[in-house]
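The lines below spell out each chain.
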Amino acid sequence: MSDREGSTNAAVNFDGPTKRAFVTGVTGQDGSYLAELLLSKGYEVHGLIRRSSSFNTERIETLYQDPHLEGTRLFLHYGDMSDGSMLARLLTRVQPHEIYHLGAQSHVRVSFDMPEYTADVTGIGTLRLLEAIRETEIPVRFYQAGSSEMFGAAPPPQSERTPFYPRSPYAAAKVYSHWITVNYRESYGLFACNGILFNHESPRRGQTFVTRKISRAVANILSGRQEKLYLGNLDAKRDWGYAPEFVEAMWLMLQHDEPGDYVIATGETHSVREFLDEAFGLVGLDWQSHVEIDPKYYRPAEVDVLLGDASKARDALGWVPKTKFKDLVRIMVEADLEAVGLRDKVLQGVSN
Ligand code: NAP
Ligand code: GDD
């Protein structure tokens, strides 16, 4: 940790042709994959991290340890989306060429419990960053992490032409961030893009999102650590993709000739129930014997079906999803089995 603390305030050499990226939310699922991608492309990456009483840098730990990434540069800076003056100071120091704004209170259910905080961080936080860009006059390209949650109750399939109908404080805050980003593009000529990303998952997915909750439960039940899995609405349908592919789309948007807004999705939708079938089925378990419904996981208003049409991204950016639903579930379940030391044993048992 001492190295990391050192790098937080290290003097940075700004000379040379190296591209610099500033990433908010670098400690999250997407931030960690994006940082990896940018480092592999030779970028110098500056990430915003929150001060926390315990370590919150687990997902980017390997970026310090991987010998293949040695010589590349990742700098971490303390800050928060609620602190605008700090953002401006940081941009002045870092002078980034590209900003990827992923930092947010990203949990939909939690946003009903903390609506004001979510509006401040997930909504106004974006304005603070845009204002910091305007104040510092840095000629930067800006990516805003928009969400399919903004479509909410709009009937599927959803594309860039579908009107938003947010169904949670989180989604309403993201709609604000979307339009304020459009506004800064139109008002000040900022190269600003909104990615409208449908759900994307991975072994690094936060443990309270439904897919990871299920894949961890499979491993925990098999290893005797957990008996029951408590869930909410099993009928909700989501267009679930693979996170490492989705962060590539963020980068592609900022490399395009013109700024724009893009839906990023797989074009397939599956219910939570289907995810359960697939995940428990992989290890030969019947989920009905382990899952119980707990009403506390229901939301005051639900988004029933998300199904994205990403043809604009395919045509303009050449982006296409590769990982299919069943492969995604397998990747997640295998990673959680590996974490409890059961991967090989369980998969051999199932194939015999
Ligand atoms: P995540 O794993 O929850 O990560 C969120 C990141 O934001 C973490 O680094 C977190 O820091 C940081 N953060 C939270 N509050 C902050 C604050 N007040 N100030 C500064 N940073 C703060 O989310 P994700 O899945 O990677 O998603 C990345 C972004 O894409 C989010 O904006 C999310 O809303 C959006 N999005 C996600 C999906 C998806 O399916 N994953 C789809 C569409 C859009 P800590 O590590 O300290 O908590
Ligand atoms: N989290 C959670 N926990 N969700 C559950 C549960 C449970 O126990 N049981 C059922 N669900 C249902 C939710 O009601 C929802 O319909 C669906 O599973 C997916 O929930 P999440 O995995 O929490 O994801 P989300 O779709 O609400 O939000 C995610 O995707 C958005 C993009 O559409 C987040 O990553 C958002 O940040 C992102 O914007």
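Residues numbered from 1 in each chain as written. Chains lettered and ligands numbered in written order. Predicted model: local features only at pLDDT ≥ 70, side-chain atom pairs only at ≥ 80, totals over all residues. Heavy atoms only, no water.

Asks: Can you help me understand the site of ligand 1 in this one?
Replies: The immediate surroundings of ligand 1 are formed by 25 residues, with Thr27, Arg50, Leu102, Ser106 and Tyr170 found nearest. One of the backbone N or O atoms of leucine 102 is found 2.8 Å from an oxygen atom in ligand 1. Side-chain polar atom of tyrosine 170 to an oxygen atom of ligand 1: 2.6 Å apart, as the coordinates give it. Protein burial of ligand 1: of its 890 Å² of free accessible surface, 90% is covered by the chains. Listed by contribution, the elements that provide at least two residues to the shell around ligand 1 are α2 (29–40), α6 (115–136), β5 (141–147) and α7 (169–188). Here the shell around ligand 1 gets 3 residues from one element, more than from any other, and that element is β5. Class assignment for the residues of the shell around ligand 1 results in 9 nonpolar, 11 polar and 5 charged. (Near = heavy atom within 4 Å. Polar contact = N/O pair within 3.5 Å; in protein donor to acceptor, adjacent residues only side chain to side chain. Areas by Shrake-Rupley, 256 points an atom, 1.4 Å probe, with all protein chains shown as cover. Helix = DSSP H or I, 4+ residues; strand = E, 2+ residues; numbered from the N terminus. Nonpolar A, V, L, I, M, F, W, Y, C, P; charged D, E, K, R; others polar.)

Asks: Looking at this structure, how should I read the site of ligand 2?
Replies: Around ligand 2, the structure places 24 residues, and the nearest of them are Ser147, Ser148, Tyr170, Arg299 and Glu302. One nitrogen or oxygen atom from the side chain of tyrosine 170 is found 2.5 Å from an oxygen atom belonging to ligand 2. Here a nitrogen atom of ligand 2 sits 2.8 Å away from a polar atom, N or O, in the main chain of glycine 232. Partitioning the shell around ligand 2 into residue classes produces 10 nonpolar, 8 polar and 6 charged. The two domains that each donate at least three residues to the shell around ligand 2 are domain 1 (20–202 + 241–264) and domain 2 (210–237 + 268–304 + 323–351). (Domains from an automatic or database assignment.)

Asks: Is there a simple way to explain the packing of aromatic side chains in this structure?
Replies: Between two aromatic rings, the relevant description is the distance of the centres plus the angle of the planes. Under the definition given, this model contains 9 aromatic pairs. Aromatic side chains phenylalanine 164 and tryptophan 179 sit 6.5 Å apart centroid to centroid with 65° between the ring planes, which places their arrangement in the edge-to-face category. On the criterion of sequence distance, the pair formed by phenylalanine 164 in the loop between β5 and α7 and tryptophan 179 in helix α7 is long-range, its members being 15 residues apart. Chaining the aromatic ring pairs together yields one cluster made of Phe151, Phe164, Trp179 and Phe198. Across from the ring centre of tyrosine 33, 4.0 Å away, lies the NZ or CZ of arginine 204, which sits over that ring. (Phe/Tyr/Trp six-rings, centres within 6.5 Å; stacked < 30°, edge-to-face > 60°. Lys NZ or Arg CZ within 6 Å of the ring centre and 35° of its normal.)

Asks: Would you take a moment to explain the sheet that holds strand β6 (residues 191–197) for this structure?
Replies: Working definition: the strands of a sheet are paired by backbone hydrogen bonds and lie parallel or antiparallel to each other. Taken in spatial order, the 7 strands line up as β3-β2-β1-β4-β5-β6-β11 in an open sheet, and their pairing is parallel. The open sheet terminates on both sides in strands that have one partner only, identified here as β3 (73–78) and β11 (261–264). When strand polarity is set aside, the average angle formed by the axes of neighbouring strands in this sheet is 20°. Relative to strand β2 (residues 44–49), strand β1 (residues 20–24) runs parallel, the two being bridged by 5 bridges. Along β2, the bridge assignment pairs arginine 20 with glutamate 44. The sheet strands contacting α2 are β1, β2, β3 and β4 (98–101), and the helix crosses β1 at an angle near 175°. (Pairing = 2+ DSSP bridges. Axes fitted to C-alpha atoms, helices over the stretch in contact; angles between N-to-C directions. Contact = heavy atoms within 4.5 Å.)

Asks: It is not clear to me how the nonpolar core should be interpreted in this structure. Could you clarify?
Replies: A general tendency of soluble globular proteins is for nonpolar side chains to be buried together. Ranked by internal contacts, the top residues of the largest apolar core, which has 48 residues, are Leu34, Leu38, Tyr100, Tyr143, Met253, Ile264 and Trp319. Here this core gets 9 residues from one element, more than from any other, and that element is helix α9 (residues 243–255). Filtering out sequence-adjacent residues up to four positions away, leucine 38 remains in contact with Ala21, Val23, Tyr43, Val45, Tyr100 and Trp251. Listed in part, the 28 residues of the second largest apolar core include Ala217, Phe280, Leu328 and Met332. (Core = buried A, V, L, I, M, F, W, Y, C linked by side-chain atoms within 4.5 Å. Buried < 20%, exposed > 50% of the residue type's maximum accessible area, 1.4 Å probe, protein only.)

Asks: Quick question: what am I supposed to make of the domain arrangement of the protein here?
Replies: Many analyses report the size of an interface as the accessible area lost when the parts associate. What the domain assignment lists for the protein is domain 1 (20–202 + 241–264) and domain 2 (210–237 + 268–304 + 323–351). Here the C-alpha centre of domain 2 lies 28 Å away from the C-alpha centre of domain 1. Contact with domain 1, which involves 12 residues of that partner, is made by 14 residues of domain 2. Interface area, domain 1 with domain 2, both sides summed: about 1,200 Å², of which 59% is carbon and sulfur. Where domain 1 meets domain 2, there are 0 salt bridges. Along the contact surface separating domain 1 from domain 2 lie 5 residue pairs in polar contact (both at pLDDT 80 or more). Of all the secondary structure elements, the ones that give two or more residues to the side of domain 1 that touches domain 2 are α5 (108–113) and β10 (241–242). Broken down by element, the side of domain 1 that touches domain 2 gets its largest block of residues, 3 residues, from α5. Of the residues that constitute the side of domain 1 that touches domain 2, the class distribution is 3 nonpolar, 4 polar and 5 charged. (Buried area = accessible area lost by both parts, 1.4 Å probe. Salt bridge = Lys/Arg side-chain N within 4 Å of Asp/Glu carboxyl O.)

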